[in-house]
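A structural walkthrough
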Amino acid sequence: MVKNIFKALLCIVLVIIILAAGLLGYFTITEYAPDDEVVLNIYGKDSFEGGSKLKAGYAFNIMSWNIGFGAFGDNAENYFYGGTSVFSSDEERINSNLANIISQIKYQHPNIVLLQEVDTNSDRTYNLDEAKRIASNLDGKLYTFAKDHNVPFIPYPWPPLGRVESGLLTLSDYEISEATRGQLPIPHGWPMRIFRMKHCVAVHRIPVENSDKELVLVNVHLESYLDDAGMEEQARILDSIMESEIANGNYVIVGGDFNMTFPDVDISKYPIVDANNWVSNVMTEGTFDSSWQLLMDDSVPSCRYLNKVYAGANHEPDQFQYYVIDGFIVSSNIEVVKCETKDLGFVYSDHNPVFMRVKLLK
């Protein structure tokens, strides 16, 4: 009897091991592994109303916003940030957040929009194609989409996160002649690498009218859980892109969620309130040549932590965790008229949008 029970248990364990190995093999085979550089489709050309090129000497507006998949409004906390919820919002709240995100974008009248954490087919956002919804409601703009997360099924935690497909959405009133996705270093080893984001940069070339110059526009969402060396490696790749373009006489704007804080930001405004909270790296002074304009507005936090619900909480900086990690890097041949973080109270996303008005110098 004991021997039979032992054999049965052994068979069960072997079956579980075989199934687990088979699943891991499937995930390995289907791992999202894009080339170092991939040409992006430019959508909306057939209905593009502007048809115009960007002009030097004229001011235009640009907005960057990590929209948190439309799931991380002020009602949300999340397991991966120390909370308890795997699915942070129901479908109704996600639709409401997206509608308000679109309204806020329209209200600011940006000519160029850089969005991060936009889902296109994920269980956590009920398989909504957020990129198409946003683009269709901002009609008249060209747009691209660069995937940075594409996993058929993530088996953890519980309930499992399931399918995830998301990335960077870029929209423009101006002609985009070319767009490419550039892969950033992947710091995670196998097998966790299979399920993690493949962070990237989306590089866009926008012609400047009556000029052989271009505006090189880069949408970024950098990796957050890196040591100083890893963050510096990401910065080095950005620097290489930026320096090569400025050497060719082009204009350069890099915008997005840097997941690190620029050197001149006063981080004392937003102290770490709990040792268990994630800590943003601070970019090393001199990482970029002094001619580059590093722009983050620390008068308002650009991000809040998702370890607890924001609505109804004590919002004082010594009670709630905030960060300044969203902004822009701008070349010296561009005049920055203003750059400010819009305080939307984290109602629709765990990030506030950053708005900038600039002018290409002749």
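Structural data are supplied above this passage.
Everything in this summary refers to the structure shown in the same document. (Residues numbered from 1 in each chain as written. Predicted model: local features only at pLDDT ≥ 70, side-chain atom pairs only at ≥ 80, totals over all residues. Heavy atoms only, no water.)

**Quick word on the packing of helix α2 (residues 91–108) against helix α3 (residues 130–137)**
Following both chains from N to C, one finds α2 and α3 inclined at 35°, their axes separated by 10 Å at the closest point. Judged by the twist between their axes, the crossing of α2 over α3 is right-handed. Residues Ile94, Asn95, Leu98, Ile102 and Lys106 of α2 pack against Glu130, Arg133, Ile134 and Asn137 of α3. Partitioned by chemical class, the residues of the contact of α2 with α3 number four nonpolar, two polar and three charged. (Axes fitted to C-alpha atoms, helices over the stretch in contact; angles between N-to-C directions. Helix = DSSP H or I, 4+ residues; strand = E, 2+ residues; numbered from the N terminus. Left-handed = near helix turned anticlockwise from the far one by under 90°. Contact = heavy atoms within 4.5 Å. Nonpolar A, V, L, I, M, F, W, Y, C, P; charged D, E, K, R; others polar.)

**Quick word on the sheet that holds strand β8 (residues 214–221)**
Here we have seven strands laid out as an open sheet, ordered β1-β6-β7-β8-β9-β15-β12, and mixed in their pairing. Since the sheet does not close on itself, it has two edges, and those belong to β1 (37–39) and β12 (293–295), each with one partner. Neighbour-to-neighbour, the strand axes of this sheet turn through a mean angle of 20°, independent of strand direction. Sheet topology places β8 next to strand β9 (residues 251–257); seven bridges connect them, and they run parallel. Of the residues in β9, the one forming a bridge with Val218 is Val254. (Pairing = 2+ DSSP bridges.)

**Describing the pattern of salt bridges**
With the rule as written, the count across this model stands at 14 salt bridges. In this structure, Glu31 and Lys198 form a salt bridge, with 3.4 Å as the shortest nitrogen-oxygen distance. Here Lys198 lies in the loop between α4 (192–195) and β7 (200–207) and Glu31 lies in the loop between α1 (2–29) and β1, a separation of 167 residues in the sequence. Between Glu233 and Arg236 there is a salt bridge; the shortest N-O distance is 2.9 Å. Within this pair, Glu233 and its partner Arg236 are both found in helix α5 (residues 228–247), separated by three residues, close to a single helical turn. (Salt bridge = Lys/Arg side-chain N within 4 Å of Asp/Glu carboxyl O.)

**Some words on the pairing of strand β3 (residues 112–119)**
In terms of burial, β3 is largely enclosed, as eight of its eight residues are buried. Sheet analysis places strand β2 (residues 59–66) next to β3, joined by five bridges and oriented parallel. Each residue of the ladder has a partner; that of Asn66, found in β3, is Gln116. Read from β2 through α2 to β3, the crossover connection turns out right-handed. (Buried < 20%, exposed > 50% of the residue type's maximum accessible area, 1.4 Å probe, protein only. Right-handed = clockwise from strand over helix to strand, strands pointing away.)

**Thoughts on a negative patch on the surface**
On the surface, a cluster of negative charge is contributed by Asp35, Asp36, Glu37 and Glu178. Looking at where Asp36 falls in the secondary structure, it is placed in the loop between α1 and β1. (Patch = residues over 30% accessible without salt bridge, like charges linked within 9 Å, V, L, I, M, F, W, Y side chains within 5 Å. Areas by Shrake-Rupley, 256 points an atom, 1.4 Å probe, with all protein chains shown as cover. Lys, Arg positive; Asp, Glu negative; His and termini not counted. Charge placed at Lys NZ, Arg CZ, Asp CG, Glu CD.)

**Focus: α3**
Where α3 is concerned, the buried positions are Glu130, Ala131, Ile134 and Ala135. Buried residues of α3, seen end-on, are gathered within an arc of 125° and therefore sit on one face of the element. Contacts from the buried residues of α3 go to α2, β3, β4 (142–154) and β5 (162–172). For α3, the N-terminal capping position is held by Asp129, with its side-chain oxygen 3.3 Å away from the main-chain nitrogen of Ala131. (Arc of directions from axis to C-beta. Polar contact = N/O pair within 3.5 Å; in protein donor to acceptor, adjacent residues only side chain to side chain.)

**As for the pairing of β8**
With eight of its eight residues buried, β8 lies for the most part within the structure. Burial of the side chains of β8 extends over both faces: Glu214, Val216, Val218 and Val220 are buried on one face and Leu215, Leu217, Asn219 and His221 on the other. Pairing of β7 with β8 involves seven bridges; the strand directions are antiparallel. Paired with Ala202 across the two strands is Asn219, which belongs to β8. On the question of chirality, the crossover connecting β8 to the parallel β9 by way of α5 is right-handed.

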